[in-house]
Amino acid sequence: MTGSRVVAVGHYQPSKVLTNDDLAGLVDTSDEWIRSRVGIVTRHIGGPDEPVDELAAHAAAKALASAGLTPADIDLVLVATSTAEHRSPNMAARVAARLGMGSPAVMDLNVVCAGFTHALATADHTLRAGAARRALVIGADKMGDIADWSDRTTCVLVGDGAGAAVVEAVEEGQEAGIGPVLWGSVPEMGNAVRIEGTPPRFAQEGQSVYRWATTQLPPIAREVCARAGLTPEDLAAVVLHQANLRIIEPVAQRIGAVNAVVARDVVESGNTSAASIPMALSKLVERGEISSGDPVLLFGFGGNLSYAGQVIRCP
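Model, not experiment: these values are computed from the prediction.

The next subject is the overall build of the chain. Within the chain, the secondary structure is distributed over 10 helices and 14 strands. Computed over its C-alpha atoms, the radius of gyration of the chain comes to 18 Å, within 12% of the 20 Å expected for a compact globule of 315 residues. Counting only C-alpha atoms and orienting by the principal axes, one finds that the chain spans roughly 60 × 45 × 40 Å. Out of the 315 residues belonging to the chain, those deemed buried represent 57%. Sequence separation of 24 or more characterises 76% of the internal contacts of the chain that already satisfy a separation of 6 or more. Accessible surface for the chain amounts to roughly 12300 Å². Of this, 47% is attributable to carbon and sulfur atoms. Here the chain carries 25 positive and 35 negative side-chain charges, and the mean point of each set is 3 Å from the other.

This next bit is on the nonpolar core. Grouped together as the largest cluster of nonpolar side chains are 49 residues, with contacts concentrated most on Trp212, Leu217, Leu235, Leu240, Leu297, Phe299 and Phe301. Top contributing element to this core by residue count: helix H7 (residues 206-227), with eight residues. Filtering out sequence-adjacent residues up to four positions away, Phe301 remains in contact with Cys113, Ala114, Trp212, Ala213, Leu217, Leu240, His241, Ala243, Ile247, Ser306 and Tyr307. Grouped together as the second largest cluster of nonpolar side chains are 31 residues, Leu76, Leu120, Ala123 and Cys314 included.

The strand order across the open sheet formed by five strands is S8-S14-S13-S11-S12, and the pairing between neighbours is mixed. Strands at the two margins of the open sheet, each flanked by one partner only, are strand S8 (182-185) and strand S12 (261-262). One ladder, built from eight bridges, connects strand S13 (residues 295-302) with strand S14 (residues 306-313); its direction is antiparallel. From the neighbouring strand, Gly302 faces S14, where its bridge partner is Ser306. Packed onto the sheet, helix H8 (residues 245-255) meets strand S11 (237-240), S12 and S13 and runs at close to 135° relative to S11. Sitting on the sheet, helix H10 (residues 276-286) is in contact with S11, S12, S13 and S14, with an inclination near 150° to S11.

Turning to helix H3 (residues 52-67), a few remarks are in order. Helix length check: H3 (16 residues) gives 23 Å between terminal C-alpha atoms against 22 Å at 1.5 Å per residue, within 8%. Looking at H3, one finds that the buried residues are Val52, Asp53, Glu54, Leu55, Ala56, Ala57, Ala59, Ala60, Ala63 and Leu64. Where H3 is buried, its residues meet strand S1 (3-12), helix H4 (91-99), strand S6 (134-142) and strand S7 (160-170). Gly68, located one to two residues past H3, shows a positive phi value of around 70°.

In this section: the packing of H3 against H4. Two elements in contact, H3 and H4, have axes whose closest approach is 9 Å; the angle formed by their N-to-C orientations is 55°. On the basis of the axis angle, H3 is oblique to H4. Crossing of H3 against H4: the hand is right-handed. Touching Val52, Asp53, Glu54, Ala56, Ala57, Ala60, Ala61 and Leu64 of H3 are Met91, Arg94, Val95, Arg98 and Leu99, all from H4.

The next thing to look at is the environment of Leu120. Inspection of the secondary structure puts Leu120 in helix H5 (residues 115-128). The exposure class assigned to Leu120 is buried, which follows from its relative accessible area of 0%. When the C-alpha positions of Leu120 and Gln310 are compared, they lie 8.9 Å apart, and in sequence the two are 190 residues distant. Apart from residues no more than four positions distant in its own chain, Leu120 is found in contact with Val6, Val137, Val167, Ile178, Leu298, Gln310 and Ile312.

About the criteria used
Residues numbered from 1 in each chain as written. Predicted model: local features only at pLDDT ≥ 70, side-chain atom pairs only at ≥ 80, totals over all residues. Heavy atoms only, no water. Helix = DSSP H or I, 4+ residues; strand = E, 2+ residues; numbered from the N terminus. Rg over C-alpha atoms; globule rule 2.2 N^0.38 Å. Buried < 20%, exposed > 50% of the residue type's maximum accessible area, 1.4 Å probe, protein only. Contact = heavy atoms within 4.5 Å. Areas by Shrake-Rupley, 256 points an atom, 1.4 Å probe, with all protein chains shown as cover. Lys, Arg positive; Asp, Glu negative; His and termini not counted. Charge placed at Lys NZ, Arg CZ, Asp CG, Glu CD. Core = buried A, V, L, I, M, F, W, Y, C linked by side-chain atoms within 4.5 Å. Pairing = 2+ DSSP bridges. Axes fitted to C-alpha atoms, helices over the stretch in contact; angles between N-to-C directions. Expected span 1.5 Å × (residues − 1). Parallel < 35°, antiparallel > 145°, perpendicular 65-115°, else oblique. Left-handed = near helix turned anticlockwise from the far one by under 90°.

Here it is as structure tokens:
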């Protein structure tokens, strides 16, 4: 095979919406305080009867329906998550069982907020090698389950959800729709974003993450474009990890994608970790803000501190 392409996307969020005013009843905060610091207005929070694999399966089913495929057409399932409640069966196996799949390969990836772009690159490489024909790539997290709801600096950030993409191999002579990945990490700064303890809790050093993201990531994102044979001006959309509006907007500006739609799903969904990029992408497609074939930069960053990005062609 000569490459792969994203043929469809889908997303899913729990029905319960938690507003900033709701949070003001839990911790010492306010709608104005949250909007001015992180730009978030609402977030969706799943209940105890909505496990991560259920969110993931809903998003995957939507993507499959959009692609006109059945679960039997998929031979690889990759799930990016850092909030799996159980170690085994893994999340991918649970999703495969929910969807009634045949015998796909099933793997989870834990690269936290950069998980989806890592998983998409892994699927692309696997399909290029001929080890699979079609893949489901899912980002799904329930950050509400690991939030410290007494810490106003972190609990205001998080939300729950899932996003999925159907990826298929392209034959020789067809144009690939997923560009080369650029990925890496800064291990010495890994403790800046943490999910630790029993029960696990999310914590971060917000200022360190902000400085790293806004200064170090724009040149890396520009190099992602160069590897795809494009300039930032060629991009139709930029979908960054939806961490914080005060990170998304300056990073997007410094990349130089002056003609691109910038995804701002964080405003209504909060930080959904590995789910944020596919969910934001799916919403842009659903609303018709980008068209089939448009070049879109996907760029994940966060825990470890890890990053991964690629330019894809919109399904």
